Amino acid sequence: MTTADTADTTGLLMGTVQRSMANAIRALSMDAVQKANSGHPGMPMGMADVATVLFTQFLKFDPADPKWPDRDRFVLSAGHGSMLLYSVLHLTGYAGMPMQEIINFRQLGGLCAGHTEYGHVAGIETTTGPLGQGLGNAVGMAIAERLLADKFGADIVDHYTYVMAGDGCLMEGISHEAMGLAGHLKLNKLIVLFDDNSITIDGGTGLSSSEDVQARVRAYGWNAISADGHDPSSIAHALAHAKLSDKPTLIACKTTIGYGAPSKAGTSDVHGSPLGDKEIAAAREALGWKSPPFEIPESILKAWRKFGGRGATQSAAWKQRLAAMKPEARAEFERRISGKLPGDLNAAISAYKKKLAEEKPTVATRKASQNALDVINAIVPESIGGSADLTGSVNTKSAGMKAIAPDDFSGRYIYYGVREHGMAAAMNGMAVHGGVIPYSGTFLVFSDYCRPSIRLAAMMRQRVIHVMTHDSIGLGEDGPTHQPIEHLASLRAIPDLLVFRPADATETAECWQLALQSQDRPSVISLTRQNLAPARLEYVEENLCARGAYELLPATGKARVTLIATGSEVELAVAAREVLQADGIGARVVSAPCLELFDMQPADYRSKTLGADTVRIAIEAASTYGWERYAGDKGGLIGINSFGASAPYKDLYKHFGLTSQAIAQKARDLLG
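The text that follows walks through the structure, step by step, so that each part is easy to find. Please read all numbers here as calculations on a predicted model, not as lab measurements.

### A look at the pattern of salt bridges
Argument step 1. Summed over all chains, the structure comprises 27 salt bridges.
Argument step 2. Residue Arg71 is joined to Glu125 by a salt bridge in which the shortest nitrogen-to-oxygen separation is 2.8 Å. Within this pair, whereas Arg71 is found in the loop between helix H3 (42-58) and strand E1 (73-76), its partner Glu125 is found in the loop between helix H5 (99-103) and helix H6 (133-152), the two being separated by 54 residues in sequence.
Argument step 3. The class of Glu125 is buried, set by a relative accessible area of 8%.
Argument step 4. Here Arg461 and Asp496 are joined by a salt bridge, their closest N and O atoms 2.9 Å apart. Linking Arg461 in the loop between helix H19 (447-460) and strand E12 (465-469) with Asp496 in the loop between helix H20 (487-492) and strand E13 (498-500), this pair joins segments that are 35 residues apart in sequence.
Argument step 5. Arg461 gets classed as partly exposed once you look at its relative accessible area, which sits at 33%.
Argument step 6. For Asp496, a relative accessible area of 29% translates into the label partly exposed.
Argument step 7. Here the salt bridges do not stand alone but share partners, grouping Asp471, Arg492, Arg501, Glu569 and Glu620 into one network.

### Points about unusual backbone geometry
Argument step 1. For Arg106, which is not glycine, the phi torsion reads 65° and is therefore positive.
Argument step 2. Within the element layout of this structure, Arg106 appears in the loop between H5 and H6.
Argument step 3. Judged by relative accessible area, Arg106 falls into the partly exposed class, the value being 27%.
Argument step 4. Its identity is not glycine, yet Lys186 carries a phi of approximately 55°, on the positive side.

### Observations concerning the side chain of Asn395
Argument step 1. By secondary structure assignment, the location of Asn395 is in the loop between helix H17 (391-394) and strand E10 (413-415).
Argument step 2. Taking relative accessible area as the criterion, Asn395 reaches 9% and is therefore assigned buried.
Argument step 3. A polar contact is formed between the side chain of Asn395 and the backbone oxygen of Arg366, at a distance of 3.5 Å.
Argument step 4. Setting aside its immediate chain neighbours within four residues, Asn395 contacts Arg366, Lys367, Gln370, Leu373 and Leu390.

### Considerations on the state of the cysteines
Argument step 1. Under the counting rule described, the total for this entry stands at zero disulfides.
Argument step 2. Free of any disulfide, Cys112 has its nearest cysteine sulfur in Cys169, 20 Å distant.

Calculation notes
Residues numbered from 1 in each chain as written. Predicted model: local features only at pLDDT ≥ 70, side-chain atom pairs only at ≥ 80, totals over all residues. Heavy atoms only, no water. Salt bridge = Lys/Arg side-chain N within 4 Å of Asp/Glu carboxyl O. Helix = DSSP H or I, 4+ residues; strand = E, 2+ residues; numbered from the N terminus. Buried < 20%, exposed > 50% of the residue type's maximum accessible area, 1.4 Å probe, protein only. Polar contact = N/O pair within 3.5 Å; in protein donor to acceptor, adjacent residues only side chain to side chain. Contact = heavy atoms within 4.5 Å. Disulfide = S-S within 2.5 Å.

Structure, rendered in structure tokens:
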């Protein structure tokens, strides 16, 4: 839409019609929260005018084709104001948001959750609620748009990412990381609509903050402008100005929280509680809204639906441009958007495994991961790598991989800087945008910084891959601040997250293959700093890691002991088996690179693999929490239930009892 068109449309919307359209959002929001006796009416009522201008004059979307790849993205980072988005989706004609769902707000089985959740209904681009996460996701969406536009051209990829964020989003530390990255990369198609209402739950923002938000974001390299959040002309002018910028833009929309509520507007009371019947009746009178709850006057609904239907022409024109592409380019674009992997990936992994079986390298799994990426990234062009200022340590940059730069998005590697949280959130945004597969690296101990975003990736069931290296006391001298202990257990506690800990180069390749194939689950690949001897010495076509755990070495004679280990401790288990076998004690070794996948196997396979009639010992250089499920009541656990220490890693393994002799003695003690 041109600036002239925007001005014309603004003129048409001025006055009572536009105000009534915004009031429809206010009415639905306060009524739904009141019926649920739970929710946040203040933000939707305060930002209703901004939402009306955005959705009717600027946002490119098509409710009849909600997954249209070139639609603009709208992210409600202030996810507690979910009724704003639910209301707009209903009003603009999204089939998945009938009025009954609005009435069923915050109820079991309903689509309108307390905070916006990805996958519940079309039109919700990402899960928000933890403040600042949506802003971080939006940065990733804007990055994905630039990457795909560079590859396929502006005729196919040319859209904006709009964010509604509140004071809380901008107070959260993730906003600093995300906005700093966006400013550096000059993501000028990213526009943040800041709900500048000066209210938090505790009261006025002056209780806890005195910063100049606009000065702050300008320091990041952003454009920052002001608008009257209740003046459609001011809002439209600011948005038109933002679209002309060569930088990302923050528009500080001065609003009154709970606008229209006579006694509660402008106070923290309206933030997260129902208004109450008396206040709602007074608000209806103040707003001139005469309709009963959950009824929209036909003229107002018709006006909203008119704007909702406008996108059909744009999406139809886009489909014609897509059809006009060269067949090979169109097929590649459609494959990437669908999330399907290239057909020759499995063959490439298989050939690589044959090479590893021949060469039998002794190598750290972080280096094995880089070697696997050399194979993968040559086959999977949509993979986008990166690291949090640890490229040389986490080995996520494969051979020939070019970094993206503010004025050049032809590369496939992102230098995120020391921004683990922002990095993880941006990867989530890239994944939900579609067309790219994000992965990045940091140390496993810093998964603490990434955890909120990892949790949301799992909740949204997105293919996001985290390479986490230096995964135990095996990192050595850096000491307990950098040695993860509880991290594997805490990550395994996240539902729908796959945690891989491969034992050698072959398992590393297989774990990468599984992470890529897991289109609906995020993954963490936990990797060593220290070199490991090969555990798999023969080529096997099957991806054994897909079982989660498998017998690596059988017992010679009757099995009396089963040693279950992951990652670097598989090497110890193999050595302990040799000690036990020399003593005439039959011992098996089970490698367990992914407990989540193992738990999904049939019961008989799990029982057979664990050796139900043997003494079982679980071995991992980390917290033993959770391993009792696999070792059983009569089994043993060998791990570390204290913080580490600073010393050469071999000394640390001896100090903490992680040796083949200690494991063998544990088995003897349990056998009695």
